[in-house]
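Here is what each chain is made of, one letter per residue.
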Amino acid sequence: MSVGILTSGGDAPGMNAAVRAVFRSIKMREPAREIVFFRGGFRGLARKLDSSTERNVQRQETRGIIHRGGTFLGTGRVPELKVTREDAPDRVARLAAQESFLRVAAVNLFQMEVSDLVVIGGDGSFAGARLIARHFREMFPDRPFRVLGLPGTIDNDIWGTDYSIGFDTALNNVVDAIRKIRDTVESHKRVIILEVMGNTSGWLALQSAIAGGASVVAIPEVPASHDHEHIVRRLISGFERDYRYFIIVYAEGVAKQHGEGWAQQLRRRIESNATLVRLHGGTPMEVRLNSIGHLARGGSPSALDNTLAGLLGTAAADVILDGRLPDDAPVDGDVMVGCAGPRPVVHSLDEVIARSPRLVTEDSPLYRIAQNLMLSADQPF
Ligand code: F6P
């Protein structure tokens with residue numbers, strides 16, 4: 001039986017190293033085991049096989065990729081694998097499209113004799129993989145088949161792992177951007193309002209704001225943090241302590257909650273606040289809006305991301321070949337391999353999907369750090 005590998009959802013730096021690690025760790029122990037690459041994410045599973053699959057992959061195909069950002073296998077988001085709402089107007093058509101996608105994917109996996117499908121992606125990709133696995137088992141109950149998820153997303157919002165592949169690189173990219181922005185903001189004594197990706201979670205914004213020395217951070221999980229009035233009070237207390245420029249980092253999840261106008265409204269609030277205008281010598285502070293966007297996702301993976309990819313890829317190979325991690329109990333069914341500190345851990349994929357996205361809480365140590373290090377509305381010193 002062969003092992004299939006694909007990358008799915010938003011690309012994340014380190015995905016290449018993860019594919020390479022799974023491939024090499026399996027081949028090291030079982031050189032004859034066939035490995036199949038599916039290109040373009042789940043789409044590659046549901047196309048005419050030869051157009052998007054690579055059978056019997058050889059070592060040289062995993063050479064020269066570890067330093068490259070993105071995913072050399074390609075990726076994508078597949079609407080057919082999304083949950084269809086009960087009240088969706090085109091529900092019937094959507095369910096039919098999903099059924100046909102799942103059927104083709106299952107038949108292709110059967111024909112390629114894939115018994116283990118490694119999916120490197122986020123919780124949305126895991127949910128899609130689960131659907132495919134269920135369909136496969138219904139169609140081919142006598143064939144062994146399981147999904148192994150490896151967490152790969154810059155959002156770091158997957159339950160069951162301390163870190164996901166790609167987060168560290170994105171974090172460094174964002175901190176680098178904050179440092180560059182600081183040069184210009186400081187020169188002009190302005191306020192910058194900077195959007196950082198993260199989907200519905202605030203991890204990337206929070207940690208980059210801490211590491212980049214931002215004045216204020218707003219994350220979707222903590223409503224007070226995105227209250228305009230509260231942010232303005234923080235700037236005032238900073239101004240009273242001789243701060244003359246401010247970097248406000250906010251997670252894209254805040255804009256998802258309030259609408260795209262959230263940052264524009266904050267800008268107007270800052271420009272029109274009478275106290276700030278007075279402190280600024282009778283004129284409004286100048287405010288600029290910026291978004292780091294997809295720049296956070298690009299570039300060479302960090303050493304930490306490639307190391308994590310190596311750890312998780314090696315552990316996935318152990319689960320595929322031995323049914324368990326070394327010195328651990330056997331595992332069954334679809335699973336995700338994550339990390340707890342420097343050690344790999346295995347969780348049932350259903351539990352990971354049910355408990356993701358993992359969100360920041362007000363008592364998360366990182367949020368407490370931010371409160372101590374950034375400006376507060378009633379700054380005591
Ligand atoms: O999940 C990774 C991520 O970069 C999120 O932070 C962001 O919300 C989303 O993907 C953007 O997706 P796309 O690249 O499809 O626009």
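Residues numbered from 1 in each chain as written. Predicted model: local features only at pLDDT ≥ 70, side-chain atom pairs only at ≥ 80, totals over all residues. Heavy atoms only, no water.

Re the overall build of the chain
Alright, step 1. For the chain, the helix and strand inventory stands at 13 helices and 11 strands.
Alright, step 2. Considering only C-alpha atoms, the chain reaches an extent of 75 × 45 × 35 Å along its principal axes.
Alright, step 3. By the burial criterion, 55% of the 381 residues in the chain qualify as buried.
Alright, step 4. For the chain, the proportion of contacts with a sequence separation of at least 24, taken over those separated by at least 6, is 76%.
Alright, step 5. In the form shown here, the chain has an accessible surface area of approximately 16800 Å², with 50% of it arising from carbon and sulfur atoms.
Alright, step 6. Computed over 45 positive and 45 negative side-chain charges, the separation of the two mean positions in the chain equals 4 Å. (Helix = DSSP H or I, 4+ residues; strand = E, 2+ residues; numbered from the N terminus. Buried < 20%, exposed > 50% of the residue type's maximum accessible area, 1.4 Å probe, protein only. Contact = heavy atoms within 4.5 Å. Areas by Shrake-Rupley, 256 points an atom, 1.4 Å probe, with all protein chains shown as cover. Lys, Arg positive; Asp, Glu negative; His and termini not counted. Charge placed at Lys NZ, Arg CZ, Asp CG, Glu CD.)

Notes on the side chain of S208
Alright, step 1. Summarising the element assignment, S208 is placed in helix 6 (residues 203-212).
Alright, step 2. A distance of 2.6 Å separates a polar side-chain atom of S208 from the backbone oxygen of L204.
Alright, step 3. Those residues in contact with S208, other than ones at most four positions away along the chain, are L171, V174, V175, I178 and V196. (Polar contact = N/O pair within 3.5 Å; in protein donor to acceptor, adjacent residues only side chain to side chain.)

Quick look at the domain arrangement of the chain
The extent of an interface is frequently quoted as the accessible surface area lost upon association of the parts.
Alright, step 1. According to the domain assignment, the chain contains domain 1 (2-166 + 301-355) and domain 2 (171-297).
Alright, step 2. With centres defined by C-alpha atoms, the gap from domain 1 to domain 2 works out at 37 Å.
Alright, step 3. Taken residue by residue, the interface counts 8 residues in domain 1 and 7 residues in domain 2.
Alright, step 4. In total, domain 1 and domain 2 occlude about 780 Å² of area from one another, counting both sides; carbon and sulfur atoms represent 47% of this.
Alright, step 5. The largest share of the area that domain 1 buries against domain 2 comes from D11, I154 and D155, three residues that together contribute 56% of it.
Alright, step 6. Here domain 1 and domain 2 share 1 salt bridge between them.
Alright, step 7. Between R297 and D11 there is a salt bridge, with its nearest N and O atoms 3.0 Å apart.
Alright, step 8. For the interface between domain 1 and domain 2, the tally reads 1 residue pair in polar contact (both at pLDDT 80 or more).
Alright, step 9. Of the residues assigned to the side of domain 1 that touches domain 2, the class counts are 2 nonpolar, 2 polar and 4 charged. (Domains from an automatic or database assignment. Buried area = accessible area lost by both parts, 1.4 Å probe. Salt bridge = Lys/Arg side-chain N within 4 Å of Asp/Glu carboxyl O. Nonpolar A, V, L, I, M, F, W, Y, C, P; charged D, E, K, R; others polar.)

Observations concerning the site of the ligand
Alright, step 1. The immediate surroundings of the ligand are formed by R77, T153, I154, D155, M197, G198, N199, E252, H294 and R297.
Alright, step 2. In the model, an oxygen atom of the ligand is placed 3.4 Å from a nitrogen or oxygen of the N199 main chain.
Alright, step 3. A distance of 2.3 Å separates an oxygen atom of the ligand from a polar side-chain atom of E252.
Alright, step 4. The protein chains hide 74% of the 390 Å² of surface that the ligand would expose on its own.
Alright, step 5. A molecule is said to occupy a pocket when more than half its atoms come within 2 Å of that pocket's grid points, and by this definition the ligand occupies the largest pocket.
Alright, step 6. A breakdown of the residues in the shell around the ligand according to their chemical character gives 2 nonpolar, 4 polar and 4 charged.
Alright, step 7. Mapping the shell around the ligand onto the domain boundaries places at least three of its residues in each of domain 1 (2-166 + 301-355) and domain 2 (171-297). (Near = heavy atom within 4 Å. 1 Å grid on protein atoms, 1.4 Å probe; cavity = no way out; pocket = protein on both sides within 12 Å on 5 of 7 lines; lining within 4 Å. Sits in = over half its atoms within 2 Å of the grid points.)

What to know about the side chain of T153
Alright, step 1. Note that T153 resides in the loop between strand 5 (146-151) and helix 5 (167-188).
Alright, step 2. Excluding residues within four positions of it along the chain, T153 makes contact with A12, G122, I158, S164, I165, G166 and F167.

Section: the pairing of strand 4 (residues 114-121)
Alright, step 1. Among the 8 residues in strand 4, 8 count as buried, and that is most of the element.
Alright, step 2. The pairing of strand 1 (residues 2-7) with strand 4 spans 6 bridges and is classified as parallel. Opposite I5, over in strand 4, you have V118 as the bridge partner.
Alright, step 3. Bridge analysis of strand 4 against strand 5 gives 6 bridges, and the strand direction is parallel. Within strand 5, the residue paired with I120 across the bridge is L150.
Alright, step 4. Running through helix 4 (residues 123-139), the crossover from strand 4 to the neighbouring parallel element strand 5 is right-handed. (Pairing = 2+ DSSP bridges. Right-handed = clockwise from strand over helix to strand, strands pointing away.)

Section: the pattern of salt bridges
Alright, step 1. Counted by the stated rule, this structure contains 21 salt bridges.
Alright, step 2. Among the ionic pairs, D90 bridges to R94, the shortest N-O distance being 3.1 Å.
Alright, step 3. Salt bridges linked by common partners bring R130, R137, D334 and D350 together as one network.

Description of the packing of helix 7 (residues 228-239) against helix 9 (residues 262-272)
Alright, step 1. Orientation of helix 7 relative to helix 9, taken along the N-to-C sense of each, is 45 degrees, at an axis distance of 10 Å. It follows from the interaxial angle that helix 7 and helix 9 lie oblique. Relative to helix 9, helix 7 is oriented so that their crossing is right-handed. On helix 9, the residues that touch H228, E229, I231, V232 and L235 of helix 7 are W262, Q265, L266, R269 and I270.
Alright, step 2. Looking at the contact of helix 7 with helix 9 residue by residue, the class counts come to 6 nonpolar, 2 polar and 2 charged. (Axes fitted to C-alpha atoms, helices over the stretch in contact; angles between N-to-C directions. Parallel < 35°, antiparallel > 145°, perpendicular 65-115°, else oblique. Left-handed = near helix turned anticlockwise from the far one by under 90°.)

A short note on the nonpolar core
Alright, step 1. In terms of nonpolar packing, the biggest core is built from 68 residues, with I5, V118, L150, I219 and V249 touching the most fellow members.
Alright, step 2. Formed jointly, this core draws a minimum of three residues from each of two domains, domain 1 (2-166 + 301-355) and domain 2 (171-297).
Alright, step 3. Residues contacting L150, with those up to four places away along its chain left out, are A18, V22, V118, V119, I120, G121, F126, L312, G313, A316 and V337.
Alright, step 4. Counting 31 residues, the second-largest nonpolar core is a separate cluster that includes L45, A105, A106 and F126. (Core = buried A, V, L, I, M, F, W, Y, C linked by side-chain atoms within 4.5 Å.)

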